[in-house]
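# Structural description and commentary
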Amino acid sequence: MNELPQQLVNGLLLGSMYGLVAIGYTMVYGIVQLINFAHGEIFMTGGFGALTVWLMLPSGTTMWVALPLMIIGAIIVATTIAVGAERFAYRPLRTAPRLAPLITAIGLSLALQQAVWAWYPGAKSSLTFPEISGGPFHLGSVTIQTGDVFLLIAAPISMAVLGYFVMKTRTGRGMQATAQDPDTAKLMGVNTDRIIVVAFALGAAFAAIGAVAYGLKYGEVNFKMGFLLGLKAFTAAVLGGIGNIYGAMIGGLVLGIAETMATAFIADVPGMQQLGGQAWADVWAFVLLILVLLFRPQGLLGERVADRA
């Protein structure tokens, strides 16, 4: 029980990172009904974009100066790739059978992985990500590492900005209209092509922020980091109710807490000693997904949609 507060905080931090990436899945699916399985690799390219900015800065630049520039660099790289993928890979297949864009997304995911592996200097192994000096910070029995402070600040600010954008701006209302009925939205003067591009760009921007948080948390980036984290972020989006942006963050938090708790405490259960530890963390994440799909397939905040006659 003494470890419980620490593990809860660890789970919330991990879940916040999942939620930031899950927003991209749920926004794109909510508008164009596409599961963009390349989104994990867009997250990965954001991490390498941030690292590139750091390497280009003069020696001796402090992280407090470099970090905003790294975030901007990560967002530029990730959004450029996401918008390019929408324009040249997904838009031509918008009226094609559902399987075609799905296979395209998987192919694009592999292509981005191999492109970074082949062309980014040193990317064949993990590259060291800069750290924020200072810390860790202690709040009672809870310890927060310095790298997690960024995530602790960035996640709620990002959600607040997204909520304001979607609910209060003209483009945000256009996104809601397009998600509800794209044909009617087009008749009402909404430029649905532009709305779809904005959805891809916003999702990529949040993934880029998540990639910076990943680098600060783990101290490295690598060309494979987007694959498994992307699957977990997709799991978080399904848990929360895919298509619901608030559900994506809640799903991420639930997944992060469940994964952390299972990793920390499942080995203490009699007869389950072999099922604990970090090696089983990924397994328990997908066990949770299966359970949710069995008992509430629409997700925590999703709504059951009736079939059309």
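### A short note on the overall build of the protein chain
A tally of helices and strands in the protein chain yields 11 helices and four strands. In summary, the protein chain has a C-alpha radius of gyration of 20 Å against a globular reference of 19 Å for 309 residues, a match within 12%. In terms of its C-alpha atoms, the protein chain occupies a principal-axis envelope of roughly 55 × 55 × 40 Å. Per-residue burial for the protein chain yields a buried fraction of 48% across its 309 residues. Long-range pairs, those at least 24 residues apart, make up 74% of the contacts in the protein chain with a sequence separation of at least 6. Within the structure as shown, the protein chain displays about 15400 Å² of accessible surface, and the carbon and sulfur contribution to it stands at 66%. Side chains of the protein chain carry 16 positive and 14 negative charges; the gap between the two charge centres is 12 Å.

### Topic: unusual backbone geometry
Positive phi outside glycine occurs at Gln 33, with the angle close to 55°. Relative to the helices and strands, Gln 33 is located in the loop between α1 (4-32) and α2 (39-56).

### Focus on the packing of aromatic side chains
The geometry of an aromatic ring pair is captured by two quantities: the separation of the ring centres and the angle between the planes. A full pass over the atoms with the stated rule returns six aromatic pairs. Centroid distance Phe 48 to Tyr 120: 4.9 Å. Interplanar angle 70°. Geometry classified as edge-to-face. Taken together, the residues Phe 48 in helix α2 and Tyr 120 in the loop between α4 (99-119) and β1 (127-128) connect sequence positions 72 residues apart. Classification of Phe 48 by relative accessible area gives buried; the value is 4%. Clustering of aromatic rings is evident, with ring pairs tying together Tyr 25, Phe 37 and Phe 234. When the ring centre of Phe 88 is taken as origin, the NZ or CZ atom of Arg 87, which lies over that ring, is 5.6 Å away.

### Description of the environment of Ala 248
Mapped onto the fold, Ala 248 is located in helix α10 (residues 245-265). In this structure Ala 248 comes out as buried when scored by relative accessible area, which is 0%. In this structure, the C-alpha to C-alpha distance between Ala 248 and Thr 146, residues 102 residues apart in sequence, is 25 Å.

### Some thoughts on the pattern of salt bridges
Should their charged atoms come close, side chains of opposite charge can pair. Overall, the coordinates contain six salt bridges when judged by the stated rule. Measuring nitrogen to oxygen at the nearest pair gives 3.1 Å for the salt bridge that ties Lys 217 to Asp 148. Of the two residues, Lys 217 is situated in helix α8 (residues 192-218) and Asp 148 in helix α5 (residues 146-168); the sequence distance between them amounts to 69 residues. Sharing partners across several salt bridges, the network here consists of Glu 86, Arg 91, Arg 94 and Asp 193.

### As for the side chain of Asn 36
Along the chain, the position of Asn 36 falls in the loop between α1 and α2. Only 2.6 Å separates the side chain of Asn 36 from the side chain of Tyr 90, close enough to count as a polar contact. Excluding residues that lie within four positions of it along the chain, Asn 36 makes contacts with Tyr 25, Val 28, Ile 42, Tyr 90, Ala 105 and Phe 200.

### As for a positive patch on the surface
On the surface, Lys 168, Arg 170, Arg 173 and Arg 194 cluster together into a patch of positive charge. By the element assignment, Arg 194 lies in helix α8. Relative accessible area serves as the criterion here: at 43%, Arg 194 is assigned to the partly exposed category.

### Focus: α1
Here α1 is 29 residues long and its end C-alpha atoms lie 41 Å apart, about the 42 Å a rise of 1.5 Å per residue gives. When the local axis directions of α1 are compared, the greatest deviation, roughly 30°, occurs at Val 21. With 22 of 29 residues buried, α1 lies mostly within the body of the structure. Just downstream of α1, Gln 33 is the residue with a positive phi angle, here 55°.

How each quantity is defined
- Residues numbered from 1 in each chain as written.
- Predicted model: local features only at pLDDT ≥ 70, side-chain atom pairs only at ≥ 80, totals over all residues.
- Heavy atoms only, no water.
- Helix = DSSP H or I, 4+ residues; strand = E, 2+ residues; numbered from the N terminus.
- Rg over C-alpha atoms; globule rule 2.2 N^0.38 Å.
- Buried < 20%, exposed > 50% of the residue type's maximum accessible area, 1.4 Å probe, protein only.
- Contact = heavy atoms within 4.5 Å.
- Areas by Shrake-Rupley, 256 points an atom, 1.4 Å probe, with all protein chains shown as cover.
- Lys, Arg positive; Asp, Glu negative; His and termini not counted.
- Charge placed at Lys NZ, Arg CZ, Asp CG, Glu CD.
- Phe/Tyr/Trp six-rings, centres within 6.5 Å; stacked < 30°, edge-to-face > 60°.
- Lys NZ or Arg CZ within 6 Å of the ring centre and 35° of its normal.
- Salt bridge = Lys/Arg side-chain N within 4 Å of Asp/Glu carboxyl O.
- Polar contact = N/O pair within 3.5 Å; in protein donor to acceptor, adjacent residues only side chain to side chain.
- Patch = residues over 30% accessible without salt bridge, like charges linked within 9 Å, V, L, I, M, F, W, Y side chains within 5 Å.
- Expected span 1.5 Å × (residues − 1).
- Bend = angle between axes of the 7 residues up to and from the residue.

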